[in-house]
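What follows is the residue order along each chain.
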Amino acid sequence: MAPTTHATPTHTALTTAEKAFELLTCEPAPLMFDARPVPGLPDKPLPLDELRPLLLGKHHSSDTTDALWRQLAHHAREWGPAWVVGAIGVALPALTHLAARISRGRPRHADDVDSEVLAGFLDALRTADLTQPRLWLRLCWAAWRAAVSVVKVDDGEELPADLATGSRSPRLPYGHPDLLLGRAAAAGLITLDAAELISATRFGSALIEHLAVEQGVTAPALRMRRRRAEHLIAAAISRGDLSTSRPSTTHMTTHANYGK
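Just so we're clear, the structure is a prediction, and the values are computed from it rather than from any experiment. (Residues numbered from 1 in each chain as written. Predicted model: local features only at pLDDT ≥ 70, side-chain atom pairs only at ≥ 80, totals over all residues. Heavy atoms only, no water.)

Concerning the pattern of salt bridges
Overall, the coordinates contain four salt bridges when judged by the stated rule. Salt-bridge contacts for Glu 18 lead to Arg 52; the nearest nitrogen and oxygen are separated by 3.0 Å. Of this pair, Glu 18 sits in helix H1 (residues 13-24) while Arg 52 sits in helix H2 (residues 48-56), and the two are 34 residues apart along the sequence. Salt-bridge contacts for Arg 36 lead to Asp 34; the nearest nitrogen and oxygen are separated by 2.8 Å. On the basis of relative accessibility, which here comes to 49%, the residue Arg 36 falls in the partly exposed class. (Salt bridge = Lys/Arg side-chain N within 4 Å of Asp/Glu carboxyl O. Helix = DSSP H or I, 4+ residues; strand = E, 2+ residues; numbered from the N terminus. Buried < 20%, exposed > 50% of the residue type's maximum accessible area, 1.4 Å probe, protein only.)

Structural data, given as structure tokens:
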């Protein structure tokens, strides 16, 4: 096979992690994961390179996924570097997919995106609260949020371009997203609760599933509420209503209740 030119990097943080995972799981002594305590997995120890395709090939319940990642995170924290590499290796298909989505159309950012995806995931693996539900989702969001910071600097985007929100946060001169949300709430375009929902879930670390439970509503209903508010903000940005600290009042009354 002909060597790859320097214009196409072959070694990124994620490909290096994959090589380390391959070494860790090769014979004669592959790293073994005890799947017996995890509901929904085979009742036996599994090499990590057999665990990974098992997870990819079947949809598992949140109980299975949470139990699996609690155990992997605990091993990574308590049992040393081999288990850090092992946990990353199990996550690599998802991390690679996330990185590809973020760097799509931005090839010059690809190496940095790979590095930040891995760094964000690793930081969450070491620090995330293991007692809370949706651990896997929280690990993935940490990876995503770390990586999109790479493209934000270049493009001025505050949300990943392919998140299904129907809107994006504005470029300058609109300012920090929280200031924009404050203007929208002050103008009556959205409620204060809707502004806090967008801020907490888009720019903070809150999960919409957790907030839904706290508020006694379903997650899809809360997502719909957020989407409506984001559409209203996007329309206001297009009109120029939020470009100053004193937004236009033209559309306030008409739209005020849609963020509820």
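That was the structure; now back to the text.
Some details on the packing of aromatic side chains
Enumeration according to the criterion identifies five aromatic pairs in this entry. Ring plane angle 15 degrees and centroid distance 4.8 Å describe the contact between Trp 69 and Trp 136, whose orientation is recorded as stacked. Of this pair, Trp 69 sits in helix H3 (residues 62-78) while Trp 136 sits in helix H6 (residues 135-155), placing them 67 residues apart in sequence. Its relative accessible area of 2% is what places Trp 69 among the buried residues. The exposure class assigned to Trp 136 is partly exposed, which follows from its relative accessible area of 22%. Each ring, one from Phe 121 and one from Trp 136, has its centre 6.3 Å from the other, and the planes form 75 degrees; the classification is edge-to-face. Of this pair, Phe 121 sits in helix H5 (residues 110-127) while Trp 136 sits in helix H6, and the two are 15 residues apart along the sequence. Chaining the aromatic ring pairs together yields one cluster made of Trp 69, Phe 121 and Trp 136. (Phe/Tyr/Trp six-rings, centres within 6.5 Å; stacked < 30°, edge-to-face > 60°.)

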